Amino acid sequence: MDKIFDQLDGLIDRYNELQELMSDPEVINDTKRYMELSKEEADMREIVAKYKEYKKLKQNISDNDELLRETNDSEMEEMIKEELASDKKSLEEVEEKIKILMLPKDPNDDKNIIMEIRGAAGGDESSLFAGDLLNMYERYAEKQGWKIEIIDQTTTEVGGYKEVSVMITGNSVYSKLKYENGAHRVQRIPQTESQGRVHTSTATVAVMPEYDEVELDIDPKDIRVDVYRSSGAGGQHINKTSSAVRMTHLPTGIVVAMQDQRSQQQNREKAMQILRSRIYDYYESQNQSEYDENRKSAVGTGDRSERIRTYNYPQNRVTDHRIGLSLNKLDRIMAGEIGEVIDALILWDQTNKLGQIQNGEAQLF
């Protein structure tokens, strides 16, 4: 913990400096700078308060230890011991809270997301499983008070999805669902299996934070827009009007096609939302090869061996392979009760980050 608290001492110095700056008339008159400093101060406020509480408890414990050595009054001694026990318990709780608060915050954690689910290996069964995953996330979103909207879909004849894109909006969506990135494997007996044999299929899930125009400025000249007639169900409206939109970002080659909305304008808006997130995701990496490798590890090629989680229906078991967690409650998880898995992944992530800070591999803030 010594390295951690060395950083916290420096953090308090910065916090005090921020408070002084925010009271400077010159800074107050500079709205942009004042807002930036205000945000930085707000991000530090809780951890600074906890660290001050920690130091106060440490001082109380030190003072009471000294009193205990000096007193000859048995009644006073008992009172001091009780206070010491209470302060030591509080100190442990504050230490744990500080460990969590001090972890570097993912700047995307508060964002809404665009989630893309695709049937991969396994034919029709993989498309059906993609639909089951969508249903699981829809139910989880409902429990979280989030809103989920299908913005693009390609269905299959058996009732599943070749691919489906959804927008999930609400409080801290990305912070919880970012761990769903990857290949999901299902083991079960398909409805079409006459021999009763268990088949293995996969579907991939990609989770991208949503970005707005302010955060990502895209030159309109870099985007080619093609309009065409929508295909599939929809009646005469779809056959007679060019409402479908295909957007291509020329510098990266990223393509987004949208035809699920009722008008060309709506399709343009939804396509742009997805394109913006994909472009940002692309530029987060330094070069094309790194991008390809990151997306491969995050989304997977759909091969059965590339998996983050297995859903075993015969044994009613879900296993997350990243953390070695197995739960015999597949039925409940598929009904949207995935909070236990997500909480375990968050704890795993926090523990890894904490280890990096303690080893000097990462810095606070």
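First, a word on scope: everything that follows refers to the structure included in this document. (Residues numbered from 1 in each chain as written. Predicted model: local features only at pLDDT ≥ 70, side-chain atom pairs only at ≥ 80, totals over all residues. Heavy atoms only, no water.)

A few words on the overall build of the protein chain. Counting its regular elements, the protein chain contains eleven helices and eleven strands. Counted over contacts in the protein chain with a minimum sequence separation of 6, partners at least 24 positions apart contribute 61%. Per element, the accessible surface of the protein chain, about 20300 Å² overall, is 44% carbon and sulfur. (Helix = DSSP H or I, 4+ residues; strand = E, 2+ residues; numbered from the N terminus. Contact = heavy atoms within 4.5 Å. Areas by Shrake-Rupley, 256 points an atom, 1.4 Å probe, with all protein chains shown as cover.)

Here we take up the packing of helix α3 (residues 31–70) against helix α4 (residues 74–101). Their axes nearest at 9 Å, the elements α3 and α4 cross at an angle of 155°. The orientation of α3 with respect to α4, classified from their angle, is roughly antiparallel. The hand of the α3/α4 crossing is left-handed. Residue classes in the contact of α3 with α4 are distributed as 13 nonpolar, three polar and twelve charged. (Axes fitted to C-alpha atoms, helices over the stretch in contact; angles between N-to-C directions. Parallel < 35°, antiparallel > 145°, perpendicular 65-115°, else oblique. Left-handed = near helix turned anticlockwise from the far one by under 90°. Nonpolar A, V, L, I, M, F, W, Y, C, P; charged D, E, K, R; others polar.)

Throughout the structure, instances matching the rule amount to three aromatic pairs. Note on F129 and Y311: the rings are 5.3 Å apart at their centroids and 65° apart in plane angle, and the pair reads as edge-to-face. Taken as a pair, F129 in helix α5 (residues 124–144) and Y311 in strand β9 (residues 309–312) lie far apart in primary sequence, 182 residues in all. Of the two residues, F129 and Y311, both sit in the buried class. Their ring planes at 85° and their centres at 5.6 Å tell us that Y140 and W146 sit as a pair that is edge-to-face. (Phe/Tyr/Trp six-rings, centres within 6.5 Å; stacked < 30°, edge-to-face > 60°. Buried < 20%, exposed > 50% of the residue type's maximum accessible area, 1.4 Å probe, protein only.)

Core analysis: the biggest nonpolar cluster contains 34 residues, and M115, I117, L133, Y137, L177 and Y311 have the highest contact counts within it. Those elements that provide at least two residues to this core are β1 (113–119), α5, β3 (161–169), α6 (173–177), β5 (199–209), α10 (330–334) and α11 (339–358). Core analysis: the next-biggest nonpolar cluster, separate from the first, contains 24 residues, V27, I80, V94 and L354 among them. (Core = buried A, V, L, I, M, F, W, Y, C linked by side-chain atoms within 4.5 Å.)

Spatially, the three strands line up as an open sheet ordered β6-β7-β8, and their pairing is antiparallel. This sheet does not close on itself; its edge strands, each paired only once, are β6 (223–228) and β8 (254–258). Between one strand and the next, the sheet's axes are offset by a mean angle of 15°, whatever the strand orientation. Sheet topology note: the strand β7 (residues 244–249)/β8 ladder contains five bridges and is antiparallel. Paired with R246 across the strands is A257, a residue of β8. Here helix α8 (residues 264–283) sits on the sheet in contact with β6, β7 and β8, set at roughly 155° to β8. (Pairing = 2+ DSSP bridges.)

Before going further, it helps to examine the sheet that holds β5. One open sheet holds the eight strands; their spatial order is β2-β3-β1-β5-β4-β9-β10-β11, and the pairing between them is mixed. Both outer strands of the open sheet, β2 (147–155) and β11 (325–327), are each paired with one neighbouring strand and no more. Taken over all neighbouring pairs, the strand axes of this sheet differ in orientation by 15° on average, direction set aside. Judged from the seven bridges that link them, β1 and β5 form a sheet pairing that is antiparallel. The partner of R118 across the bridge, within β5, is T204.

Now for the pattern of salt bridges. Enumeration over the complete set of coordinates arrives at 21 salt bridges. With its nearest N and O atoms 4.0 Å apart, the salt bridge here joins K97 to E46. Here the residue K97 occupies a position in helix α4, and E46 occupies one in helix α3, the gap between them amounting to 51 residues. The class of K97 is partly exposed, set by a relative accessible area of 36%. When the shortest N-O distance is used, the salt bridge between E180 and R309 registers 2.7 Å. Placement of E180 in the loop between α6 and β4 (182–188) and of R309 in strand β9 is noted, with a sequence separation of 129 residues between them. (Salt bridge = Lys/Arg side-chain N within 4 Å of Asp/Glu carboxyl O.)

For R278, the location among the structural elements is in helix α8. At 3.0 Å, the side chain of R278 forms a polar contact with the backbone oxygen of V255. Beyond its immediate stretch of four places on either side in the chain, R278 contacts E116, R118, M208, I254, V255 and V256. (Polar contact = N/O pair within 3.5 Å; in protein donor to acceptor, adjacent residues only side chain to side chain.)

Glancing now at α3. Given 3.6 residues per helical turn, the α-helix brings residues three or four places apart onto the same face. Over its 40 residues, α3 runs 56 Å from end to end, which matches the ideal 58 Å to within 8%, given 1.5 Å per residue. Of all the bends in α3, the greatest, near 40°, is centred on R45. Of all the positions in α3, only L37, S38, E41, M44, I47, V48, Y51, Y54, L57, I61 and N64 are classed as buried. (Expected span 1.5 Å × (residues − 1). Bend = angle between axes of the 7 residues up to and from the residue.)

Moving on, we come to the pairing of β5. Extensive coverage of β5 is indicated by the burial of nine of its eleven residues. Examined bridge by bridge, β4 and β5 share seven bridges and lie antiparallel to one another. Each bridged residue has a counterpart across the sheet, and for H184 the counterpart in β5 is A203.

With respect to the secondary-structure elements, D13 resides in helix α1 (residues 2–22). Residue D13 is classed as exposed on the basis of its relative accessible area, which comes to 53%. Each C-alpha atom, one on D13 and one on V48, is 10.0 Å from the other, the two residues being 35 residues apart in sequence.

For α5, with 21 residues, the first-to-last C-alpha span of 31 Å sits near the 30 Å given by 1.5 Å per residue. Looking at α5, one finds that the buried residues are E125, S126, S127, F129, A130, G131, L133, L134, M136, Y137, Y140 and A141. A positive backbone phi angle near 80° is found at G145, which sits one or two residues after α5.

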